Amino acid sequence: VQLQASGGGLVQAGGFLRLSCAASGRTFSGYRMGWFRQAPGKEREFVAAISRSGGSTYYTDSVKGRFTISRDNAKNTVYLQMNSLKPEDTAVYYCASSVLDRTEITVRGYDDWGQGTQLTVSS
């Protein structure tokens, strides 16, 4: 599946932003989806994941209560709503798809990746 992430930008601390990831090529509802991020000099890290139907979600501890992952299978799109943003959220954000039928939080658990979208949170 081909993935195209968008929606990044520059926002002040405490602000909000929504990322989108549009999928094409195969049946979107057949994939679990995830968001990862990578800050300069750091490894890519898991942020959030969502099941095929959207009924189950999972978050890394640092974003729980602030970020919400959702999907619209009719629009072949997964979203990441980010609220109460902090400077430490600054990173390139990637969406990814997984054929595995379980929650995956490792990079290796995902097969296809979007190109990344930059989020910068100023203090």
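What counts and how
- Residues numbered from 1 in each chain as written.
- Predicted model: local features only at pLDDT ≥ 70, side-chain atom pairs only at ≥ 80, totals over all residues.
- Heavy atoms only, no water.
- Pairing = 2+ DSSP bridges.
- Helix = DSSP H or I, 4+ residues; strand = E, 2+ residues; numbered from the N terminus.
- Axes fitted to C-alpha atoms, helices over the stretch in contact; angles between N-to-C directions.
- Core = buried A, V, L, I, M, F, W, Y, C linked by side-chain atoms within 4.5 Å.
- Buried < 20%, exposed > 50% of the residue type's maximum accessible area, 1.4 Å probe, protein only.
- Contact = heavy atoms within 4.5 Å.
- Phe/Tyr/Trp six-rings, centres within 6.5 Å; stacked < 30°, edge-to-face > 60°.

K.L.:
Just checking my understanding: could you explain the sheet that holds strand E1 (residues 2–6) for this structure?
P.N.:
Strand order in the open sheet made by the four strands is E1-E3-E8-E7, with antiparallel pairing throughout. Taken across any chain shown, the strands that pair with only one partner, and hence form the sheet edges, are E1 and strand E7 (67–72). Taken pair by pair, the neighbouring strands of this sheet meet at an average axis angle of 15 degrees, ignoring direction. As judged from the six bridges shared by E7 and strand E8 (residues 77–82), these two strands associate in the antiparallel manner. When the bridges of E8 are listed, arginine 71 appears paired with valine 78.

K.L.:
What's the story with the nonpolar core in this structure? I'm lost.
P.N.:
Burial of nonpolar side chains together is a common tendency in soluble globular proteins. With 28 residues, the main nonpolar core has Trp35, Leu80, Met82 and Tyr93 as its most contacted residues. If you list the elements that add at least two residues to this core, you get E1, strand E3 (17–24), strand E4 (32–38), strand E5 (45–50), E7, E8, strand E9 (91–98) and strand E11 (117–122). Beyond its immediate stretch of four places on either side in the chain, leucine 80 contacts Leu17, Arg18, Leu19, Trp35, Val47, Ala48, Phe67, Thr68, Ile69 and Tyr93.

K.L.:
Please clarify how the packing of aromatic side chains should be interpreted in this entry.
P.N.:
Given two aromatic rings, one states the distance between the centres and the angle between the planes to describe the pair. The full count for this structure, using the stated rule, is five aromatic pairs. Between phenylalanine 36 and phenylalanine 46, the aromatic rings sit 5.6 Å apart at their centres with planes inclined by 80 degrees, giving edge-to-face as the arrangement. Of this pair, phenylalanine 36 sits in strand E4 while phenylalanine 46 sits in strand E5, and the two are 10 residues apart along the sequence. Residue classification places phenylalanine 36 among the buried positions, given a relative accessible area of 1%. For the ring pair phenylalanine 36 and tyrosine 110, a centre distance of 5.1 Å and an interplane angle of 80 degrees mean the geometry is edge-to-face. Taken together, the positions of phenylalanine 36 in strand E4 and tyrosine 110 in the loop between E9 and strand E10 (112–113) put the pair 74 residues apart, joining distant regions of the chain. The buried category is assigned to tyrosine 110, whose relative accessible area is 6%. Among the aromatic residues, ring-to-ring pairing joins Phe36, Phe46, Tyr58, Tyr110 and Trp113 into one connected group.

K.L.:
Explain the pairing of E4 to me, please; I cannot follow it from the model alone.
P.N.:
Remember that side chains alternate between the two faces of the sheet whenever the strand is regular. Among the seven residues that make up E4, six are buried, leaving the element largely enclosed by the rest of the structure. Inspection of the sheet shows E4 paired to E9 by seven bridges, in the antiparallel sense. If you follow arginine 37 over to E9, its bridge partner there is tyrosine 93. When E4 meets E5, the two strands line up antiparallel, connected through five bridges. In the strand pairing of E5, glycine 34 is matched with alanine 49. A loop of six residues connects E4 with E5, the two strands running antiparallel in sequence, and glycine 41 in this loop sits at a positive phi of about 80 degrees.

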